[in-house]
Amino acid sequence: MEQDYIPCEIEQKWQKIWDDTKVFQPEPDEREKFFITIPYPYLNGNLHAGHTRTFTIGDVIARYKRMQGYNVLFPMGFHVTGTPIVGLAELIANRDPQTMKVYSELHGIPIDILDTLVTPERIVEYFSKEAEKDMRSIGYSIDWRRKFTTTDPTYKKFIEWQFNLLYEKGLIVKGSHPVKWCPNDNNPVEDHDILHGEEATIVDYTLIKFEYNGIILPCATLRPETIFGVTNLWINPDIEHVKIKVEKNGKKEEWIVSREAYNKLTFTDRKIEFIENVPAASLIGIKVKNPLTGNYVITLPASFVKGENGSGIVMSVPAHAPFDYLALKDLYGQDLSNYGIKEDLRNIKLISLIEAKEFGEYPAVEAVQQLGVKDQNDPKAEEATKIVYRREFHGGVLKENTGKYAGMAVSKIKEVLTKDLINQGIGEVFYEFSEPVVCRCGTPCVVNMVEGQWFLNYSNPEWKDKVYRCIEKMDIIPEEYRVEFNNKVDWLKDKACARKKGLGTHLPFDNQWLIESLGDSTIYMTYYITNKFFARGIGPEHLTPKLFDYVLLGKGSLQKTAADTGLDEELIAQMKKDMDYWYPVDLRSSGKDLVPNHLLFFLFHHVAIFEEDKWPRSIAVNGFVSLEGQKMSKSKGPLLTLRTAVNKYGADISRLYILSSAEQTQDADWRNSGVEAAKKQVERFYSFAREIIEAGAVCGMCGELKLIDKWMLSRLQQRIRETNKDMLALRTRSALQNAFYLLLNDIKWYQKRGGSNLLYDILDTWVRLMAPFIPHVCEEIWHAMGHRGDDIVSLAPYPIFNPEFIDKNAELAEELVDNTLEDIEEIIKVTKMTPKKVVLYTSPTWKKRIFQTALKMQSENELNGGVLIKKLMSDPANRTYGKDIPKFVQKIVSDINSMKMERLEMFAGYELDELEILRENKIFFEKEFGCPVEIYSADDPSYDPENKSKFAVPMRPAIYIE
């Protein structure tokens with residue numbers, strides 16, 4: 001081994017060896033298989049730290065399973081369909097300053113190369129090569145024979161087959177549905193197309209039609225039941241309003257809305273015609289008619305109303321909406337005569353319409369008072385709103401003044417009342433985003449009611465039932481996300497699956513449409529299996545529906561498939577054999593942002609197309625990554641690319657840090673200070689290995705084992721057991737805590753205590769434990785230990801727990817020594833003395849007997865302080881200590897009751913000779929403190945000038961220092 005740890009040299013060396021030996025290119029054999037996939041990256045930029053985390057978790061599991069003896073397939077492809085790459089090519093071709101800056105500075109693309117990426121094809125070619133290069137540089141154990149992009153001609157044939165199949169099953173339908181829409185691209189947008197608002201959903205508001213002189217002032221609300229409590233409408237005098245003609249289902253009306261609402265309405269299933277601009281001031285101070293109650297309410301000025309929200313006109317329910325109450329209160333005493341308002345607004349009576357057990361007559365007022373909210377600009381106003389809405393929704397019922405709806409639960413009323421309002425012609429449904437959505441082209445998106453659009457019929461209850469069954473059968477990691485998946489299935493509605501612009505595959509049954517980018521990314525895991533064969537030169541003309549039917553679904557015959565495709569029977573048979581061997585997917589590991597979209601669609605399409613034995617077996621979800629506390633963005637920054645991290649720190653250091661920085665769905669924060677700390681740890685690991693190897697250490701298991709050796713072997717088994725447990729649950733942070741950091745502490749203690757016989761054996765295990773996490777340096781150490789040829793650590797057996805090496809007494813003995821050492825150090829620190837002599841007193845026999853008795857009673861679930869005292873006092877030998885026993889029993893019972901199960905197991909059968917153990921370590925203590933050490937039993941202390949021995953208890957010797 002080289003003297004210094006030089007990451008790039010070691011990593012490049014082993015990446016070449018892995019590549020040359022084709023060690024990660026599996027073929028079906030007699031072993032149990034493990035097929036793991038992670039979502040292929042979208043190629044509109046270089047891979048970043050978010051990819052690094054998700055992909056590295058996947059690679060760690062692939063490597064772990066491989067070392068467990070599984071035949072592991074870990075493939076990768078590239079996603080390029082949709083509009084983002086087309087939009088990016090246009091921005092680069094137009095030399096958009098922001099784009100050029102982001103891609104040259106954050107993505108690190110040289111300007112001379114960036115200038116050439118002016119077509120989607122060139123972008124795909126460039127980023128696919130760069131992405132593969134980056135993934136190789138960090139050491140992912142991927143089978144690169146299977147790579148593809150989603151615009152490959154053969155992949156398109158595969159997608160055509162899938163969509164024809166779904167169409168034949170009646171799962172793709174044509175109709176009018178609300179979709180996220182980019183007015184600039186004139187296309188539906190999905191999550192991959194969105195710059196801001198990726199998590200936005202389409203929410204159905206109820207539009208309630210207030211009337212003034214035959215003109216409608218519509219108000220959008222999520223709580224139509226609150227119409228019974230409206231006291232006024234809010235209008236912002238500073239935003240633009242327009243009068244429009246609205247026609248729907250043959251009914252014509254004139255509406256007044258904000259300019260932004262007018263623009264949005266043009267994308268709905270209404271015929272809209274502009275009439276004129278309307279001064280906002282002319283709308284304030286008028287009386288409008290509540291269409292349901294017939295009451296007339298005043299319109300009041302409010303600066304908080306935004307033109308882009310709903311219709312730009314808001315109904316006010318101050319009894320139940322804290323913002324409305326605060327806004328109304330803020331107007332008390334103000335001069336509104338310029339709007340023609342002369343009445344005292346204090347005379348507006350609040351109308352209570354919901355009864356909730358946590359509140360009295362006016363919930364909004366109570367919440368504002370309880371939280372001490374000052375005015376509508378107070379941040380606590382939002383909290384008050386959430387409290388009221390939540391409590392009313394979950395436990396509220398409507399009061400008598402709501403007429404026929406009285407007694408109905410708030411949680412049940414929306415659908416019923418909205419339907420009634422529509423039937424009476426005084427309400428409509430209006431679709432709006434849950435948060436603003438911006439297309440990657442920079443255009444604010446709208447909800448568009450598209451006619452003649454193709455949809456995946458995800459609302460189909462039979463289809464959903466199959467997905468629920470799949471989720472019930474499979475493993476979800478972490479388990480608490482199972483509820484999230486079921487909730488998302490419940491919520492999922494029909495989804496547009498085609499668009500007119502972008503890269504992708506044409507709908508086979510309607511060629512004017514392209515299949516959108518998430519629709520073609522659902523069962524592509526099967527394509528990894530077949531693409532190994534397609535990549536040998538099989539063209540799209542060979543990929544007939546019969547081929548996919550036979551290979552993927554087992555339909556038809558080999559002979560007819562060969563005749564239909566023109567391919568050899570042997571080749572087709574091998575494809576089917578591979579498919580039958582590798583499928584289903586054993587683990588799909590992904591970021592949590594894909595739960596409500598891609599991962600749902602992944603399940604929906606699998607259950608629609610395949611039999612149950614081919615349904616996915618498990619899904620794992622992980623969190624996001626921020627950079628120095630800031631959310632990363634491909635298009636704006638900040639951004640840490642995978643390449644930058646590897647170039648600066650090396651692959652193994654980057655892997656160790658990203659895996660240890662957060663657990664499962666927790667979000668990680670990449671901080672340079674943390675990476676520097678990880679760097680020192682890997683360097684320490686390397687140096688430790690080099691010192692052992694250069695010292696000529698050999699296996700020490702055959703020789704005589706000292707107590708400290710037994711302790712080390714026992715601790716090692718504990719770390720192996722916990723690491724394996726964590727790896728099965730994909731808790732990489734906890735796994736690294738056990739496999740690296742805690743084990744490192746154990747080794748330090750072992751060496752401090754003079755242990756050396758087992759250093760080679762420890763290293764042998766440690767390198768294999770760490771190989772999935774930091775594979776390059778582990779290969780280098782493994783090789784230096786004398787392993788040659790095909791014996792690489794990536795294929796070595798992963799350490800498994802061996803209970804034979806667990807030695808409770810050895811562990812308790814070392815714990816006794818460690819506790820004693822710490823207690824002495826603490827006394828010296830507090831007293832600031834330089835010890836001339838240290839005297840230790842081990843527990844007297846009577847206390848040890850009580851401790852053992854209490855432990856035995858605990859193991860039999862019979863531990864009770866009173867019963868224990870009675871039992872002890874029945875023994876004449878204990879009566880001498882009658883005054884001390886109750887107090888000691890109280891302490892012991894409390895200590896034992898607070899012990900965790902593992903701790904209790906450690907003390908099972910406790911028989912430690914503490915006096916003998918401390919005497920064996922007398923020289924160690926004397927060396928540590930530089931003074932004589934005397935050790936006595938509290939039963940017979942020859943020297944005890946301050947009567948310290950009376951404080952001795954099991955596992956905690958009493959201490960006297962001169």
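Below is a summary of the structure that appears in this document. (Residues numbered from 1 in each chain as written. Predicted model: local features only at pLDDT ≥ 70, side-chain atom pairs only at ≥ 80, totals over all residues. Heavy atoms only, no water.)

### So, the overall build of the protein
Each helix and strand in the protein was counted, giving 33 helices and 32 strands. Projected onto its principal axes, the C-alpha positions of the protein cover 105 × 80 × 55 Å. Out of the 962 residues belonging to the protein, those deemed buried represent 56%. In the protein, of all internal contacts separated by at least 6 residues, the share reaching a separation of at least 24 is 76%. (Helix = DSSP H or I, 4+ residues; strand = E, 2+ residues; numbered from the N terminus. Buried < 20%, exposed > 50% of the residue type's maximum accessible area, 1.4 Å probe, protein only. Contact = heavy atoms within 4.5 Å.)

### Some details on the pattern of salt bridges
If you walk through the whole model with that rule in mind, you get 62 salt bridges. When the shortest N-O distance is used, the salt bridge between Lys 251 and Glu 253 registers 3.4 Å. Through salt bridges with shared partners, a single network forms among Glu 27, Asp 143, Arg 145, Arg 146, Lys 532 and Asp 578. (Salt bridge = Lys/Arg side-chain N within 4 Å of Asp/Glu carboxyl O.)

### What about the sheet that holds strand S31 (residues 933–937)?
Taken together, three strands build an open sheet; the order of strands is S31-S30-S32 and the sheet is mixed. Pairing within the sheet leaves two strands with one partner each, and these edge strands are S31 and strand S32 (958–961). Going across the sheet, the axis of each strand differs from the next one's by a mean of 20°, ignoring polarity. In the sheet, strand S30 (residues 838–842) pairs with S31 via five bridges, with the strands oriented parallel. The partner of Val 839 across the bridge, within S31, is Glu 934. On the sheet, helix H27 (residues 808–831) packs against S30 and S32 and is oriented at approximately 40° with respect to S32. (Pairing = 2+ DSSP bridges. Axes fitted to C-alpha atoms, helices over the stretch in contact; angles between N-to-C directions.)

### Some remarks on the packing of helix H16 (residues 545–553) against helix H18 (residues 569–582)
Orientation of H16 relative to H18, taken along the N-to-C sense of each, is 40°, at an axis distance of 8 Å. Put simply, H16 runs oblique to H18. Contacts from Leu 547, Tyr 550, Val 551 and Leu 552 of H16 reach H18 at Ile 572, Met 575, Lys 576 and Met 579. By residue class, the composition of the contact of H16 with H18 is seven nonpolar, no polar and one charged. (Parallel < 35°, antiparallel > 145°, perpendicular 65-115°, else oblique. Nonpolar A, V, L, I, M, F, W, Y, C, P; charged D, E, K, R; others polar.)

### Overview of the packing of helix H23 (residues 707–728) against helix H24 (residues 732–752)
Running from amino to carboxyl end, H23 crosses H24 at an angle of 170°, the nearest separation of the two axes being 8 Å. Taken together, the axis directions place H23 and H24 in an arrangement best described as roughly antiparallel. Of the residues in H24, those touching H23 at Ile 708, Asp 709, Trp 711, Met 712, Arg 715, Leu 716, Arg 719, Glu 722, Thr 723, Asp 726 and Met 727 are Ser 734, Ala 735, Asn 738, Ala 739, Leu 742, Leu 743, Asp 746, Ile 747, Trp 749 and Tyr 750. Along the lines of polarity and charge, the residues of the contact of H23 with H24 split into twelve nonpolar, three polar and six charged.

### Some points on the packing of aromatic side chains
Overall, the coordinates contain 51 aromatic pairs when judged by the stated rule. Residues Tyr 841 and Tyr 936 carry aromatic rings whose centres are separated by 6.2 Å and whose planes lie at 25° to one another, so their mutual orientation is stacked. Of this pair, Tyr 841 sits in strand S30 while Tyr 936 sits in strand S31, placing them 95 residues apart in sequence. Of the residues examined, Tyr 841 reaches a relative accessible area of 0% and is grouped as buried. Every member of this aromatic cluster is reached through a ring pair, and the members are Tyr 40, Phe 148, Tyr 155, Phe 158, Trp 161, Tyr 524, Tyr 527, Tyr 528, Phe 534 and Phe 548. When the ring centre of Trp 491 is taken as reference, the NZ or CZ atom of Lys 488 above it lies at 5.8 Å. Above the ring of Phe 602, the side-chain terminus of Arg 588 is found at 5.5 Å from the ring centroid. (Phe/Tyr/Trp six-rings, centres within 6.5 Å; stacked < 30°, edge-to-face > 60°. Lys NZ or Arg CZ within 6 Å of the ring centre and 35° of its normal.)

### A closer look at the sheet that holds strand S3 (residues 172–182)
The strands that make up a sheet pair up through hydrogen bonds in the backbone, lying either parallel or antiparallel. Across the sheet, four strands lie side by side as S4-S3-S19-S21; this open sheet has antiparallel pairing. Each having just a single partner strand, strand S4 (187–188) and strand S21 (495–496) make up the two edges of the open sheet. By the bridge criterion, two bridges tie S3 to S4 in an arrangement that is antiparallel. The partner of Trp 181 across the bridge, within S4, is Pro 188.

### Observations regarding the nonpolar core
Counting 230 residues, the largest nonpolar core has Met 135, Phe 158, Phe 485, Trp 670, Phe 685 and Met 770 as its most contacted members. Counting residues in each nonpolar core, the second largest holds 42 residues, with Phe 210, Leu 283, Val 317 and Leu 328 among its members. (Core = buried A, V, L, I, M, F, W, Y, C linked by side-chain atoms within 4.5 Å.)

### Things to note about the side chain of Lys 576
In this structure, Lys 576 sits in helix H18. Once residues within four sequence positions are removed from consideration, Lys 576 is found in contact with Tyr 550, Val 551 and Gly 554.

### Things to note about unusual backbone geometry
Note the cis peptide between Ile 477 and Pro 478, where omega equals 0°. For Pro 478, the position within the fold is in the loop between strand S20 (475–477) and helix H14 (481–491). Look at Asn 249: it is not a glycine, yet its phi comes out positive at around 50°. You can see Asn 249 is positioned in the loop between strand S9 (241–248) and strand S10 (251–258). The backbone of Asn 861 sits at a positive phi, close to 60°, despite the residue not being glycine. Secondary-structure assignment places Asn 861 in the loop between helix H28 (845–859) and helix H29 (865–873). Since its relative accessible area comes to 73%, Asn 861 is described here as exposed.

### A short note on helix H19 (residues 595–609)
In a regular helix each residue adds 1.5 Å, so 15 residues correspond to 21 Å; H19 covers 20 Å between its end C-alpha atoms and thus fits that length. Most of H19 sits inside the fold, with 14 of its 15 residues counted as buried. (Expected span 1.5 Å × (residues − 1).)

### Details of the environment of Lys 380
Secondary-structure assignment places Lys 380 in helix H11 (residues 380–395). Along the chain, Lys 380 and Thr 81 lie 299 residues apart, while their C-alpha atoms are 44 Å from each other. In this structure, Lys 380 is in contact with Leu 371, Gly 372 and Val 373, ignoring residues within four places of it in sequence. One polar contact links the side chain of Lys 380 to the main-chain carbonyl oxygen of Leu 371, over a distance of 3.1 Å. (Polar contact = N/O pair within 3.5 Å; in protein donor to acceptor, adjacent residues only side chain to side chain.)

### So, the environment of Tyr 40
Within the secondary structure, Tyr 40 sits in the loop between strand S1 (33–37) and helix H2 (49–67). Owing to a relative accessible area of 6%, Tyr 40 belongs among the buried residues under this scheme. With 402 residues separating them along the chain, Tyr 40 and Gly 442 place their C-alpha atoms 25 Å apart. Excluding its chain neighbours within four sequence positions, the residues that come into contact with Tyr 40 are Met 76, Gly 77, Phe 78, His 79, Phe 148, Thr 150, Tyr 155, Asp 520, Ser 521, Tyr 524 and Tyr 528. A polar contact is formed between the side chain of Tyr 40 and the side chain of Ser 521, at a distance of 2.9 Å.

### Concerning the environment of Phe 951
Looking at the element boundaries, Phe 951 is found in the loop between S31 and S32. In this structure, the C-alpha to C-alpha distance between Phe 951 and Thr 842, residues 109 residues apart in sequence, is 9.2 Å. Residues contacting Phe 951, with those up to four places away along its chain left out, are Lys 847, Arg 956 and Ala 958.

### Brief notes about a negative patch on the surface
A contiguous patch of negative charge on the surface is contributed by Glu 198, Glu 199, Glu 435 and Asp 593. With respect to the helices and strands, Glu 435 occurs in the loop between strand S17 (427–433) and strand S18 (438–439). By relative accessible area, Glu 435 is classed as partly exposed at 34%. (Patch = residues over 30% accessible without salt bridge, like charges linked within 9 Å, V, L, I, M, F, W, Y side chains within 5 Å. Areas by Shrake-Rupley, 256 points an atom, 1.4 Å probe, with all protein chains shown as cover. Lys, Arg positive; Asp, Glu negative; His and termini not counted. Charge placed at Lys NZ, Arg CZ, Asp CG, Glu CD.)

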